[in-house]
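If you want the building blocks of each chain, they are given just below.
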Amino acid sequence: MNETIDVVIPTRNRPAALAVTLTALGAQTWPALRIVLADQSDGDGVCTHGEVQAVLRYLRVTGRSVDTFRRPRRRGMAEQRAFLLAHVRSPCCLFVDDDVILEPDLVARLHAVLREEECGLVGSALHGLSYLGQLRPMQEAIEFWDGPVMPETVRPGSPAWARHHLHSAANLFHVQTRLADETGATRRYKIAWVGGCVMFDTAKLRAVGGFDFWRDLPAQHCGEDVLAQQRVMALYGGCAIFPSGAYHMELPTTITARAIDAPYVLPLSEPHDEPHDEPHDATGE
């Protein structure tokens, strides 16, 4: 019997995109999904929109569990992610943004690699298909893992930091098209981080403090996902899968204030071991 995987989604002001992402989750070959949605939209929230309501009904009637939380008070994305992590019950959790299209076998592929490697995280980088044909050879370097995925320390400005260029535009799609493997085998490659679609070993993410560093950031910040991933990778290792199976809708970002970038202003390791209260201010719907 398949174990349940919690899929957690932070969302704001994107009902149509969210409906597409939820539909893609409903088409996954991995049947045992519990979806947790934290909504910080303006007005009455995304769950009042007909397209979202329809997909939520579809998910529930086809056996997926769905929990939705209305969170109008915004204290930053790190706090929003901390709230979602506090509601995770499963050994593995998939953080997905609200503007991602997933191939039907993606959850199963991510889970298989996470279990086989016993690492802290496995991501599927997002393809930006509006950039198809715009070749950027200087940004297409890829480093495959030849052996087991191992812990790595990746800091801003280090040589490994430059790996993030592979995930820009359609760079990764061009590389995987060029290196297509007829066997369809899933390979692992080295990352700086992965945006938008990452599966964590829940215990390992919590062991490094999760997103509790939200208290050390102003509400207007970015890079919280990067910092959490790099803390996990430093202790437990992490990778992305090749070929990827995630596509970006390429909508305008809802995070417009980017002066405070978490990996640049906070240390790679958790600075203290004080207990934290769970995030609050949520209304279950």
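Residues numbered from 1 in each chain as written. Predicted model: local features only at pLDDT ≥ 70, side-chain atom pairs only at ≥ 80, totals over all residues. Heavy atoms only, no water.

Engineer: Where do I start with the overall build of the protein in this structure?
Structural biologist: Of the regular secondary structure elements, the protein holds eight helices and 12 strands. Computed over C-alpha atoms, the radius of gyration of the protein comes to 18 Å, within 12% of the 19 Å expected from 2.2 N^0.38 for 285 residues, which places it in the range of a compact globule. Referenced to the eigenvectors of the C-alpha coordinate spread, the extents of the protein come out at roughly 45 × 45 × 40 Å. Residues counted as buried form 53% of the 285 residues belonging to the protein. Sequence-distant contacts, at least 24 apart, represent 88% of the contacts inside the protein between residues at least 6 apart. Total accessible area on the protein stands at roughly 12400 Å², and carbon and sulfur atoms take up 54% of it. Looking at charge distribution, the protein has the averaged site of its 27 positive side-chain charges lying 2 Å from that of its 36 negative ones. (Helix = DSSP H or I, 4+ residues; strand = E, 2+ residues; numbered from the N terminus. Rg over C-alpha atoms; globule rule 2.2 N^0.38 Å. Buried < 20%, exposed > 50% of the residue type's maximum accessible area, 1.4 Å probe, protein only. Contact = heavy atoms within 4.5 Å. Areas by Shrake-Rupley, 256 points an atom, 1.4 Å probe, with all protein chains shown as cover. Lys, Arg positive; Asp, Glu negative; His and termini not counted. Charge placed at Lys NZ, Arg CZ, Asp CG, Glu CD.)

Engineer: Can you walk me through the environment of glycine 209 in this structure?
Structural biologist: Looking at where glycine 209 falls in the secondary structure, it is placed in the loop between α6 (202-207) and α7 (224-236). For the pair glycine 209 and proline 104, spaced 105 residues apart in sequence, the C-alpha separation works out to 31 Å.

Engineer: Looking at this model, I keep getting lost on the packing of aromatic side chains. Mind explaining?
Structural biologist: The geometry of an aromatic ring pair is captured by the separation of the ring centres together with the interplanar angle, meaning the angle of the planes. For the structure shown, the criterion picks out seven aromatic pairs. Measuring from ring centre to ring centre gives 5.7 Å for phenylalanine 95 and phenylalanine 200, while their planes differ by 85 degrees; the resulting arrangement is edge-to-face. One end of the pair, phenylalanine 95, is in strand β4 (residues 92-96); the other, phenylalanine 200, is in strand β9 (residues 197-201), and 105 residues separate them in sequence. Taken as a pair, phenylalanine 95 and phenylalanine 200 share a single burial class, namely buried. Consider the rings of phenylalanine 144 and phenylalanine 242, whose centres lie 5.2 Å apart with planes at 85 degrees: the pair is edge-to-face. Of this pair, phenylalanine 144 sits in the loop between β7 (126-127) and α5 (171-178) while phenylalanine 242 sits in strand β10 (residues 238-242), and the two are 98 residues apart along the sequence. Of the two residues examined, phenylalanine 144 and phenylalanine 242, each falls in the buried class. Pairwise contacts between aromatic rings join Phe95, Phe200, Phe211 and Phe213 into one cluster. Between the NZ or CZ atom of arginine 187 and the centre of the ring of phenylalanine 144, over which it lies, the distance is 3.6 Å. (Phe/Tyr/Trp six-rings, centres within 6.5 Å; stacked < 30°, edge-to-face > 60°. Lys NZ or Arg CZ within 6 Å of the ring centre and 35° of its normal.)

Engineer: Which parts of the structure should I look at to understand the sheet that holds β7?
Structural biologist: Sheets are built from strands paired through backbone hydrogen bonds, the pairs being either parallel or antiparallel. Read from one edge of the open sheet, three strands run β5-β11-β7, paired in mixed fashion. Among the strands making up the open sheet, the edge pair consists of β5 (100-102) and β7. Pairing geometry for β5 and strand β11 (residues 246-248), over three bridges, is antiparallel. Bridge pairing in β11 links valine 100 to histidine 248. (Pairing = 2+ DSSP bridges.)

Engineer: When you look at helix α3 (residues 77-86) in this model, what are you seeing that I'm missing?
Structural biologist: For an α-helix, 3.6 residues make a turn, and residues three or four places apart therefore share a direction. Within α3, nine of the 10 residues are buried, which leaves it mostly tucked inside the rest of the structure. Every buried residue of α3 is accounted for by Met77, Ala78, Glu79, Gln80, Arg81, Ala82, Phe83, Leu84 and Leu85. Residues of α3 that are buried in the fold lie against β1 (5-11), β2 (33-39), β3 (65-70), β4, α6 and α7.

Engineer: Please explain helix α2 (residues 50-61) as it appears in this structure.
Structural biologist: If you check α2, its first and last C-alpha atoms are 17 Å apart, about what 12 residues at 1.5 Å a residue would give, namely 16 Å. Every buried residue of α2 is accounted for by Val52, Val55, Leu56 and Leu59. For α2, the arc enclosing every buried residue in end-on projection is 105 degrees, short of the 170-degree limit, so these residues lie on one face. Counted as exposed and oriented over 90 degrees from the buried face of α2: Arg57 and Val61. In this structure, the buried residues of α2 make contact with α1 (15-26), β2 and β3. Immediately downstream of α2, the backbone of glycine 63 shows phi near 100 degrees, a positive value. (Expected span 1.5 Å × (residues − 1). Arc of directions from axis to C-beta.)

Engineer: So what exactly am I meant to see when it comes to the pattern of salt bridges here?
Structural biologist: Pairs can form between side chains of opposite charge whenever their charged atoms are close. According to the stated counting rule, one finds 19 salt bridges in the structure shown. Aspartate 39 serves as the salt-bridge partner of arginine 70, at 3.9 Å between the closest nitrogen and oxygen. Separated by 31 residues along the polypeptide, arginine 70 in strand β3 and aspartate 39 in strand β2 bring together distant segments of the chain. Here glutamate 79 and arginine 71 are joined by a salt bridge, their closest N and O atoms 2.7 Å apart. Take glutamate 79 and arginine 71: they sit in the same class, and that class is buried. A network of salt bridges, in which partner residues are shared, links Asp6, Arg34, Asp67 and Arg89. (Salt bridge = Lys/Arg side-chain N within 4 Å of Asp/Glu carboxyl O.)

Engineer: What's the story with the nonpolar core in this structure? I'm lost.
Structural biologist: A general tendency of soluble globular proteins is for nonpolar side chains to be buried together. In terms of nonpolar packing, the biggest core is built from 43 residues, with Phe95, Tyr189, Phe200, Leu205, Phe211 and Phe213 touching the most fellow members. Breaking this core down by element, the ones donating at least two residues are β2, α3, β4, α5, β9, α7 and β10. Non-local contacts of phenylalanine 95, meaning those with residues more than four positions away in its chain, are made with Val8, Arg81, Leu84, Leu85, Gly196, Cys197, Val198, Phe200, Leu205 and Phe211. Core analysis: the next-biggest nonpolar cluster, separate from the first, contains 40 residues, Val46, Leu59, Leu102 and Ile241 among them. (Core = buried A, V, L, I, M, F, W, Y, C linked by side-chain atoms within 4.5 Å.)

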